[in-house]
Amino acid sequence: MNKPLVAALASLAITGIGTAPAVAAPQTAKAAAVTVNFAGTVSLSNCSGSVIRFPNSADSDPALVLTNGHCLETGFPEPGEVITGQSSSRTFGLLNSSGTRVATLRANQVVYSTMTDTDITIYRTTTTYAAIKSSYGISPLTVSAAHPVAGTAIKVVSGYWKTIYSCNIDGFVYRLKEGDWTWKDSVRYTSACNTIGGTSGSPVIDTSTGQVVAVNNTGNEDGERCTVDNPCEVDANGNVTVRQGINYAEETYLIPACFTTGNVLNLSASGCTLPKP
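What counts and how
Residues numbered from 1 in each chain as written. Predicted model: local features only at pLDDT ≥ 70, side-chain atom pairs only at ≥ 80, totals over all residues. Heavy atoms only, no water. Helix = DSSP H or I, 4+ residues; strand = E, 2+ residues; numbered from the N terminus. Buried < 20%, exposed > 50% of the residue type's maximum accessible area, 1.4 Å probe, protein only. Areas by Shrake-Rupley, 256 points an atom, 1.4 Å probe, with all protein chains shown as cover. Disulfide = S-S within 2.5 Å. Pairing = 2+ DSSP bridges.

Points about the overall build of the chain
Within the chain, the secondary structure is distributed over two helices and 18 strands. A total of 277 residues make up the chain; the buried ones form 52% of that total. Of the roughly 11,200 Å² that the chain leaves accessible, carbon and sulfur atoms contribute 50%.

So this is what it looks like as structure tokens:
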């Protein structure tokens, strides 16, 4: 995993690198159709995240926050575990376009969390999209309901580090295995997105649409095979590939089908394929 902050700082201290965030190398690319900045992203105590909506969400709906399953405040969900409706009072620092914290949002529920097949936690907050827009002029990020496309230019926006990484989707991984967890159809970045601990939960944004297509979650740090912090790629035939220094994300296009009117989770909804409890 792109470790939560405490583990990340410990790792940096051991290697003598210090605690300064890594910054992606500048890239020369075609002008993006959409300006991607920090507006709508959030900082957690040890991770990154974003305020999200779905294509059919209403402005009056309770605002949702997306981050990783392994960023859940009560600890990593076990393999096969799916958490729904868990009480929470977690807070999030809401950022504006320049990365300045302008408000504190508070959760009242963990709507959904798992590290099985994917690595996501979705929180419900105590406020609405309309209230956030009215008070701070900030709109949520929309989660795309379409599968991402290889070669797409993306930005990984870390609310914790206030850093934006720019690269492309290199391809998709049939199975990504890390320790006891296995994720399906993961996004592999090109090497320019050198994400670090604390970037866990960052939205991965398609620069042509401005929509969220994945959530940043891990990378192979040491070249080890399928261990914690060293995920390996497993193809449909069981062949294993290790790519040291390469980072990954989990697709989010499956999520919208599992939410109905009022941003209510319905894992029995038509088209919902997220893991169930």
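Notes on the state of the cysteines
Throughout this description, disulfide means a covalent bond between two cysteine sulfur atoms. Enumeration according to the criterion identifies four disulfides in this entry. Disulfide partner of C47: C71, at an S-S distance of 2.1 Å. Residues C47 and C71 are joined by a disulfide whose S-S torsion is about -90°; by sign, that bridge is left-handed. Within this pair, whereas C47 is found in the loop between β1 (41–43) and β2 (48–53), its partner C71 is found in the loop between β3 (62–67) and β4 (82–87), the two being separated by 24 residues in sequence. A single burial state applies to C47 and to C71, both of which are buried. Shown here is the disulfide that connects C226 with C232, its sulfur atoms set 1.9 Å apart. Sign of the S-S torsion, about 100° for the bond between C226 and C232, identifies this disulfide as right-handed. With respect to burial, C226 and C232 carry one shared label: buried.

Here we look at the pairing of strand β11 (residues 181–189)
Sheet topology places strand β10 (residues 163–178) next to β11; eight bridges connect them, and they run antiparallel. Considered in β11, the bridge of L176 is made with W183. Of the strand pairs in this sheet, β11 and strand β16 (residues 247–251) are connected by two bridges, and their pairing is antiparallel. Bridge pairing in β16 places R188 opposite Y248.

Shape descriptors only; they carry no functional weight alone.
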